[in-house]
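Read off the chains here:
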Amino acid sequence: MNRRKALIVGSVIASSALLQANTKTPIIIKPSYGSTHQIKPLSFNPKSLKGISEKVIVSHHDNNYAGAVKKLNLIQGQISSLPHSAHPIELGALKKEELIALNSKLLHELYFDNLGGKGVLPTSMKALLTQGFGSVDAWKNDFVKTGKSLGGGSGWVILSYIKEEQVLINQIAGDHSDSVATGIPLLVMDMYEHSYHMDYGVKAGKYIDAFMGNINWKEVSSRWEAI
Ligand SMILES: [Fe+2]
């Protein structure tokens, strides 16, 4: 944990003071349309997870995630080629589909990137979760139970930090959207059935247990450090 994060965990007042001292990095703006989104490869060996099979991970990555990226490229291509005279309804329908495909892409990348670890919480993240939820167990109970509530259905469970409120929240994001407006995702769990059905059928709880044991907390910690 760096000095800034240590103070955030230790004191809400200190965090405000340090945010003011934060140095600005240059912001890059790319064209919104006209470029192609690339499929990000897995950051871990799909054979290395315990309790989530290579078959599920590869299918999930190559079909569901890659499908979302391809769909996003298709939708954005259609938006960019709409004539200036296009009806707002035509554009609006594409914008809704664009949001779903874009969020699906982004959430899947966060999900895969926060897998591939051993599920061992670093001290800094223990302190953070204890600060937010009272204890690591209380956070875990809230996160796991939120996931189980989606068993047999669909959606995402996201541990997010809301800067404006200075709080952590385990939230549900349905339809690849519905996220807290300014929530910054730290840990993402896919609860769509394609994440576990081939391994566990309808037993979503077994998948959640396996997910918790494969979390790459180093990645989660680095997301927190980057805020
Ligand atoms: Fe998925």
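To be clear, the structure that these remarks concern was listed above.
The structure presented is a predicted model; accordingly, all values stated were derived computationally and were not measured.

S.K.: Please explain the overall build of the protein chain as it appears in this structure.
M.R.: From N to C terminus, the protein chain includes nine helices and three strands. Of the regular secondary structure in the protein chain, the N- to C-terminal order runs α-α-α-α-α-α-β-β-β-α-α-α. Scored against the burial criterion, the 227 residues of the protein chain give a buried share of 39%. A fraction of 69% describes how many contacts in the protein chain between residues 6 or more apart in sequence connect residues 24 or more apart. For the protein chain, the accessible surface area stands at approximately 12,300 Å², while carbon and sulfur atoms represent 56% of it.

S.K.: Whenever I open this one, unusual backbone geometry confuses me. Can you help?
M.R.: With the exception of glycine, most residues fall at negative phi, and the peptide bonds are largely trans. Backbone geometry places Asp175, a non-glycine residue, at a positive phi of 55°. Take Asp175: it is sitting in the loop between strand E2 (167–173) and strand E3 (183–190). The phi angle at Asp178 is positive, at roughly 60°, despite the residue not being glycine. Structurally, Asp178 can be placed in the loop between E2 and E3.

S.K.: Help me understand the pairing of strand E1 (residues 156–162) in this model?
M.R.: Regular strands place their side chains on alternate faces of the sheet. Among the seven residues that make up E1, seven are buried, leaving the element largely enclosed by the rest of the structure. Side chains Trp156, Ile158, Ser160 and Ile162 of E1 all project onto a buried face; the interleaved residues Val157, Leu159 and Tyr161 project onto the opposite face, where all are buried too. Bridge count between E1 and E2: seven bridges; the pairing is antiparallel. Bridge pairing in E2 links Trp156 to Ala173. Connecting the antiparallel pair E1 and E2 is a turn made up of four residues, with Gln166 showing a positive phi of about 55°. Relative to E3, E1 is paired through seven bridges, and the arrangement is antiparallel. Paired with Val157 across the two strands is Met189, which belongs to E3.

S.K.: Whenever I open this one, the layout of surface pockets confuses me. Can you help?
M.R.: Approximately 170 Å³ is the volume found for the second largest pocket. Taken together, 13 residues line the second largest pocket, and the ones lying closest to its centre are Asn103, Leu107, Ser179, Gly183 and Pro185. Taken together, the elements giving at least two residues each to the lining of the second largest pocket come down to helix H4 (88–113), E1 and E3. Per element, the largest residue contribution to the lining of the second largest pocket is four residues, and it comes from H4. Taken together, the residues of the lining of the second largest pocket break down into seven nonpolar, six polar and no charged.

S.K.: Looking at this structure, I do not really get the coordination of the iron ion. What am I missing?
M.R.: Angles at a metal have ideal values that depend on geometry: 109.5 degrees with four tetrahedral donors, 90 or 180 degrees with six octahedral donors. Listed as protein donors to the iron ion are His60 (NE2), His108 (NE2), Asp190 (OD) and His194 (NE2); their distances from the metal cover 1.9 to 2.2 Å. Taken together, the four donor atoms coordinating the iron ion span angles of 87 to 137° at the metal, a pattern that classifies the geometry as irregular. When the donors of the iron ion are listed by position in the chain, the intervening gaps give H-x47-H-x81-D-x3-H. Taken together, the residues His108 in helix H4 and Asp190 in strand E3 connect sequence positions 82 residues apart. With relative accessibility at 0%, the residue Asp190 sits in the buried group.

S.K.: Got a minute to help me understand the sheet that holds E3 in this structure?
M.R.: Two pairing modes exist for strands in a sheet, parallel and antiparallel, and in both the strands are linked by backbone hydrogen bonds. Read across the open sheet, the three strands follow the order E2-E1-E3; overall the sheet is antiparallel. Edge positions in the sheet fall to E2 and E3, since each has one partner strand and no second. Ignoring strand direction, the axes of neighbouring strands in this sheet form an average angle of 25°. Contacts from H4 reach E1 and E3, with the element oriented near 70° to E3.

S.K.: Is there a simple way to think about helix H3 (residues 54–80) in this case?
M.R.: A turn of α-helix holds 3.6 residues, and therefore any two residues three or four places apart point the same way. In this model H3 runs 37 Å from its N-terminal to its C-terminal C-alpha over 27 residues, within 8% of the 39 Å that 1.5 Å per residue would give. Its axis deflected by about 30° at His60, H3 carries its strongest bend there. The complete set of buried residues in H3 reads Val56, Ile57, His60, His61, Tyr65, Ala66, Ala68, Val69, Leu72, Ile75, Gln76 and Ile79. Packing partners of the buried residues in H3 comprise H4, E3 and helix H7 (197–200).

The rules behind these values
Residues numbered from 1 in each chain as written. Predicted model: local features only at pLDDT ≥ 70, side-chain atom pairs only at ≥ 80, totals over all residues. Heavy atoms only, no water. Helix = DSSP H or I, 4+ residues; strand = E, 2+ residues; numbered from the N terminus. Buried < 20%, exposed > 50% of the residue type's maximum accessible area, 1.4 Å probe, protein only. Contact = heavy atoms within 4.5 Å. Areas by Shrake-Rupley, 256 points an atom, 1.4 Å probe, with all protein chains shown as cover. Pairing = 2+ DSSP bridges. 1 Å grid on protein atoms, 1.4 Å probe; cavity = no way out; pocket = protein on both sides within 12 Å on 5 of 7 lines; lining within 4 Å. Points joined across faces, edges and corners; volume = space filled by probe spheres on them. Nonpolar A, V, L, I, M, F, W, Y, C, P; charged D, E, K, R; others polar. Donors = N, O, S within 2.8 Å, 3.2 Å for Na, K, Ca; no water. Tetrahedral: all angles 85-135°; square planar, octahedral: opposite > 155°, others 65-115°. Axes fitted to C-alpha atoms, helices over the stretch in contact; angles between N-to-C directions. Expected span 1.5 Å × (residues − 1). Bend = angle between axes of the 7 residues up to and from the residue.

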